[in-house]
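If you want the building blocks of each chain, they are given just below.
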Amino acid sequence: MDKSDMQNPINPDEIMIQNEFEKLKSDYLKSNHRQKIELITKAFNFANHAHNGVKRRDGTPYIMHPLAVALICCNGMGLGSTSICSALLHDVVEDTDFTVEDIKNMFGEKIAQIVNGLTKISGGIFGDQASEQAENFRRLLLTMNSDIRVILIKIADRLHNMRTLGSMRSDKQFKIAGETLYIYAPLAYRLGLFTIKSELEDLSFKYEHPEDYASIHDKLAQTEEARNTLFEYFAEPVRDKLDKMGLKYEMRARVKSAYSIWHKMQAKGVLFEDIYDLYAVRIVFEPLPDVDDKNLCWDIYSAITDIYQIRPERIRDWVGRPKTNGYQALHLTVMGPNGQWIEIQIRSHRMNDIAEKGLAAHWKYKEKNKEIEEDTELDKWVNTITEILESPDPNALDFLDTIKLDLFSSDISVFTPKGDIKTLPQGATALDFAYSLHTDIGNKCIGAKVNHRLVPLSHRLTSGDQIEILTSRSQEPQPEWLSFVATAKARAKIDAVLKRTRKEGAKKGEEKVLAAFNKAGIETNSSKIDKLALYFGFPKREDFYYSVEKGNVMIPDNIKKIVKDKADSTWLKSVRQALRFGTKDSTEVAVEPDKEKPTFDKTKPYILSEGTYNLNYEVASCCKPIPGDDALGFINDDGKVVVHKRSCPIAMKLKASFGNRILTTEWSSHKTASFEATLEVKGIDTLGVLSTMTKVISDEFNVNIQHLLIEANDGVFEGKIKLKVHSVEDIQRLCVTLSKIKNVKSVGRVAE
Ligand code: MN
């Protein structure tokens with residue numbers, strides 16, 4: 001410690017800062033990196049000086065944030081001094097008067113470059129202008145090619161901001177939590193940062209569904225003892241065997257994260273009690289001097305299967321062929337002592353390190369103009385992303401979807417006719433395979449032979465398939481291809497060709513339209529063309545031109561009348577408005593003077609209430625929330641509040657892209673307005689069950705059944721009841737009462 005740090009030893013903030021820095025130093029010294037402690041100390045002192053006197057929202061000195069980010073880079077990702085210094089300095093250029101040039105002079109080119117990258121993509125993530133998160137994300141990914149450390153530090157930054165999210169305003173909490181779940185967690189997963197990915201998901205979950213989060217934690221705590229007993233019972237004979245083999249290892253039960261339990265409950269529509277794979281058993285072993293890790297994995301495998309019955313279709317060999325994010329392990333599922341399936345994950349220490357800290361920890365940082373030594377899977381992925389990013393004019397939101405396709409997919413392995421292996425995401429089709437070989441092969445693809453059998457382009461591949469692609473020179477990419485391809489690369493390539501053809505078509509259509517104007521003797525200008533286009537229902541000129549070229553729109557001879565009639569601008573405005581509202585008949589729309597858009601006080605939740613005649617909000621048609629659901633508000637173009645469920649995928653997208661239009665909401669009690677909900681009922685098909693059910697619903701609850709669909713099969717029935725209720729409470733009461741009816745086995749609310 002140098003003298004300047006000792007100036008004010010009694011200041012508690014200063015003591016906290018010094019303690020945190022001591023922790024960083026000691027953790028760094030314990031790591032495998034070269035011991036560049038002086039450089040790290042210099043970066044810390046500089047950042048501490050630059051942020052001096054500034055506090056974070058929660059009242060802690062600002063420097064505690066860069067210190068925490070540096071600690072995550074060091075411990076959670078296994079990164080070295082360059083990253084640690086960059087993390088310490090990451091907010092200096094953004095938040096203080098120092099420049100990238102200053103950093104370069106003091107810490108050299110590389111660190112300055114990384115800090116510069118971080119500054120460029122930091123724009124507004126915690127500010128108010130953060131609406132264009134998608135564009136921000138695109139910039140984030142673009143920097144990946146120059147130095148992946150920029151992204152890694154960005155993820156560490158986000159993790160610490162999530163850990164301290166409690167001190168943010170609640171509407172921002174939603175926005176940030178949504179963004180994290182939508183963008184950062186998948187990205188962390190793709191880079192193999194499993195521990196961080198889980199923590200990001202859990203933290204987002206905690207802020208989006210606080211009650212569910214608490215309830216899952218409670219239930220996990222309540223069942224812990226029973227789980228431990230069962231695990232010990234399972235583990236004892238396994239330990240015996242492994243000890244006899246002379247292995248050094250650790251065997252533990254790993255409980256699933258609260259988020260993944262909740263996710264499974266949602267996806268399968270089941271209760272906590274119904275989830276049997278709450279934990280997996282993990283065995284991490286130390287390598288033996290003369291034995292290959294791979295062989296040791298299989299030795300342990302056969303030791304276990306000598307004791308327990310294996311479930312053959314659940315063996316996952318990621319040792320021989322690692323996942324694209326670098327994950328390596330051997331997974332198997334066996335029948336446990338109580339008759340339930342237990343998953344076991346076998347890994348060496350090295351594999352475990354990669355699994356927890358990511359392949360990124362082993363990443364050889366590429367310098368520009370240096371030859372790439374090894375074409376790792378991660379390299380390949382980065383290259384695909386770069387290709388997509390460089391394709392012309394990706395629409396920000398489409399682009400997000402495209403990238404997401406690639407972020408979360410698990411992989412299958414398929415073969416070319418020559419036996420070369422190709423890795424594709426789950427759900428990939430023959431056409432995806434064609435595009436993975438070459439863009440031209442994809443563009444000209446007319447069909448495929450899978451395992452020597454002729455299949456259509458949309459045929460979904462499974463692991464182990466051998467595929468031969470058939471092409472034709474006259475083939476062109478078709479719009480419907482977009483509906484079945486599963487890889488980002490194929491989608492981007494098809495999109496690019498379609499856009500080009502569309503542009504060419506529109507160009508020809510434009511000539512036809514201009515000729516029509518000419519023939520009618522009218523001078524053209526853009527507002528007249530817009531008028532004509534709107535007359536045919538096209539708000540965008542290019543769509544109009546294209547339809548003309550395709551022959552879907554015939555231009556009449558009397559365009560003079562159309563263009564001159566109602567030639568005032570209010571008419572145009574009303575048509576535009578009609579299109580925005582989706583009203584079919586534009587002439588019915590009254591022309592309203594532009595009203596002042598209402599403003600919203602985001603510091604308080606927006607109270608959703610029913611007035612005498614009207615609700616002060618709209619119910620989103622995608623997820624149809626009802627009073628009592630975890631919900632949020634989105635301010636639409638017309639200044640109205642549209643309410644979505646917090647778990648709605650569309651709301652997630654809105655959060656990530658238009659964060660500043662998100663409102664926290666609160667339900668007031670609703671007495672008159674009613675909302676649509678669907679219940680699913682299952683039970684034993686006996687005489688009278690059905691009539692008892694409907695009687696209960698309509699008599700005791702005075703609820704309107706809108707639609708009833710019951711199917712009976714082999715003595716069991718399954719039904720869906722669509723009804724109108726006032727709130728979630730109504731539904732809960734209904735479920736309780738219905739489930740008490742004899743022979744009704746389960747009742748629950750479903751999406752549709
Ligand atoms: Mn930061």
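Please read these numbers as outputs of a predicted model, since none were measured by experiment. (Residues numbered from 1 in each chain as written. Predicted model: local features only at pLDDT ≥ 70, side-chain atom pairs only at ≥ 80, totals over all residues. Heavy atoms only, no water.)

## Observations regarding the overall build of the protein chain
In step 1: Scanning the protein chain from N- to C-terminus turns up 28 helices and 19 strands.
In step 2: Per-residue burial over the protein chain gives 46% buried out of 752 residues.
In step 3: Within the protein chain, contacts between residues at least 6 apart in sequence are counted, and of these 67% link residues at least 24 apart. (Helix = DSSP H or I, 4+ residues; strand = E, 2+ residues; numbered from the N terminus. Buried < 20%, exposed > 50% of the residue type's maximum accessible area, 1.4 Å probe, protein only. Contact = heavy atoms within 4.5 Å.)

## Details of the coordination of the manganese ion
In step 1: Taken together, His65 (NE2), His90 (NE2), Asp91 (OD) and Asp157 (OD) make up the protein donors of the manganese ion, found 2.2 to 2.6 Å from the metal.
In step 2: For the manganese ion, all donor residues lie on one chain, and their spacing in sequence is H-x24-H-D-x65-D. Taken as a pair, His65 in helix α3 (residues 64-76) and Asp91 in the loop between α4 (81-88) and α5 (92-95) lie far apart in primary sequence, 26 residues in all. Asp91 matches His65 in its accessibility class, with the two residues each being buried. (Donors = N, O, S within 2.8 Å, 3.2 Å for Na, K, Ca; no water.)

## Side note on the pattern of salt bridges
In step 1: Inspection of the entire model under this criterion finds 23 salt bridges.
In step 2: Of the charged contacts, one joins Arg733 and Asp730 as a salt bridge, the two residues approaching to 3.0 Å between their closest N and O atoms. You can see Arg733 and its partner Asp730 sitting in helix α28 (residues 728-740), three residues apart, about one turn around the helix.
In step 3: On the accessibility criterion, Arg733 (45% relative accessible area) is partly exposed.
In step 4: Residue classification places Asp730 among the buried positions, given a relative accessible area of 11%.
In step 5: Look at the salt bridges and you will find they share partners, linking Lys23, Asp27 and Lys30 into a network. (Salt bridge = Lys/Arg side-chain N within 4 Å of Asp/Glu carboxyl O.)

## Overview of the pairing of strand β4 (residues 330-335)
In step 1: Burial analysis of β4 places five of its six residues in the buried class, the great majority of the element.
In step 2: Note that strand β3 (residues 316-317) and β4 share two bridges and pair antiparallel. For Arg316, the partnering residue across the bridge sits in β4 and is His331.
In step 3: Taken together, the six bridges between β4 and strand β5 (residues 341-348) define a ladder with antiparallel strand orientation. Across the sheet, the residue bridging to His331 is Gln345, located in β5.
In step 4: Adjacent in sequence and paired antiparallel, β4 and β5 are bridged by five residues, among which Gly339 carries a positive phi angle near 85°. (Pairing = 2+ DSSP bridges.)

## A look at the confidence of the model for the protein chain
In step 1: Averaged over all residues, the pLDDT of the protein chain is 80; the fraction at 70 or higher stands at 83%.
In step 2: The low-confidence segment residues 123-131 (pLDDT under 50) makes 24 contacts with residues lying over four places distant or belonging to another chain.
In step 3: Taken as a whole, residues 363-375 scores under 50 in pLDDT and shows 20 contacts with residues more than four places along the chain or in a different chain. (pLDDT = per-residue confidence, 0-100.)

## Details of the sheet that holds strand β8 (residues 445-450)
In step 1: The sheet built from three strands is open, its strands ordered β9-β8-β10 with antiparallel pairing. Across the chains shown, the open sheet's two edge strands, defined by having one partner strand only, are β9 (453-455) and β10 (467-471). Strand-to-strand twist of the sheet, defined as the mean angle between neighbouring strand axes without regard to direction, takes the value 30°.
In step 2: Bridging between β8 and β10 involves five bridges; their strand directions are antiparallel. Looking at β10, one finds that Gly447 is bridged to Leu470.
In step 3: With respect to the sheet, helix α19 (residues 430-437) is in contact with β8 and β10, its orientation differing from that of β10 by roughly 80°. (Axes fitted to C-alpha atoms, helices over the stretch in contact; angles between N-to-C directions.)

## Topic: the side chain of Ser86
In step 1: With respect to the secondary-structure elements, Ser86 resides in helix α4.
In step 2: Of the residues examined, Ser86 reaches a relative accessible area of 0% and is grouped as buried.
In step 3: Excluding anything up to four places from it in sequence, Ser86 contacts Ile111, Ile114, Val115, Leu118 and Ile153.

## Points about helix α23 (residues 541-550)
In step 1: Among all positions in α23, only Phe544, Tyr545, Tyr546, Ser547 and Val548 are buried.
In step 2: Those residues of α23 hidden inside the fold are in contact with α21 (488-520) and α22 (526-535).
In step 3: Taken from the residues just after α23, Gly551 is the one with a positive phi, measuring 85°.

## Quick word on the packing of aromatic side chains
In step 1: Applying the stated criterion to the full structure yields 14 aromatic pairs.
In step 2: Each ring, one from Phe194 and one from Tyr327, has its centre 5.3 Å from the other, and the planes form 70°; the classification is edge-to-face. With Phe194 in helix α11 (residues 194-208) and Tyr327 in the loop between β3 and β4, this residue pair connects regions lying 133 residues apart in the sequence. Pair check on accessibility: Phe194 and Tyr327 agree, each one buried.
In step 3: A ring pair is formed by Trp318 and Tyr327, whose centres lie 5.9 Å apart and whose planes are at 75°; its orientation type is edge-to-face.
In step 4: The exposure class assigned to Tyr327 is buried, which follows from its relative accessible area of 6%.
In step 5: Following the ring pairs from residue to residue traces out a cluster consisting of Tyr189, Phe194, Trp318 and Tyr327.
In step 6: Residue placement shows Lys42 over the ring face of Phe107; its charged tip is 5.1 Å from the ring centre.
In step 7: For Arg502, the ring lying beneath its charged end belongs to Tyr546, and the centroid distance is 4.2 Å. (Phe/Tyr/Trp six-rings, centres within 6.5 Å; stacked < 30°, edge-to-face > 60°. Lys NZ or Arg CZ within 6 Å of the ring centre and 35° of its normal.)

## A word on the sheet that holds strand β17 (residues 704-713)
In step 1: Pairing is antiparallel across the open sheet formed by four strands, whose spatial order is β17-β18-β16-β19. Each end of this open sheet is capped by a strand with a single partner; those strands are β17 and β19 (744-750). The average angle at which neighbouring strand axes cross in this sheet is 15°, direction not considered.
In step 2: Seen against the sheet, α28 touches β16 (675-684), β18 (716-725) and β19 and runs at an angle of roughly 165° to β19.

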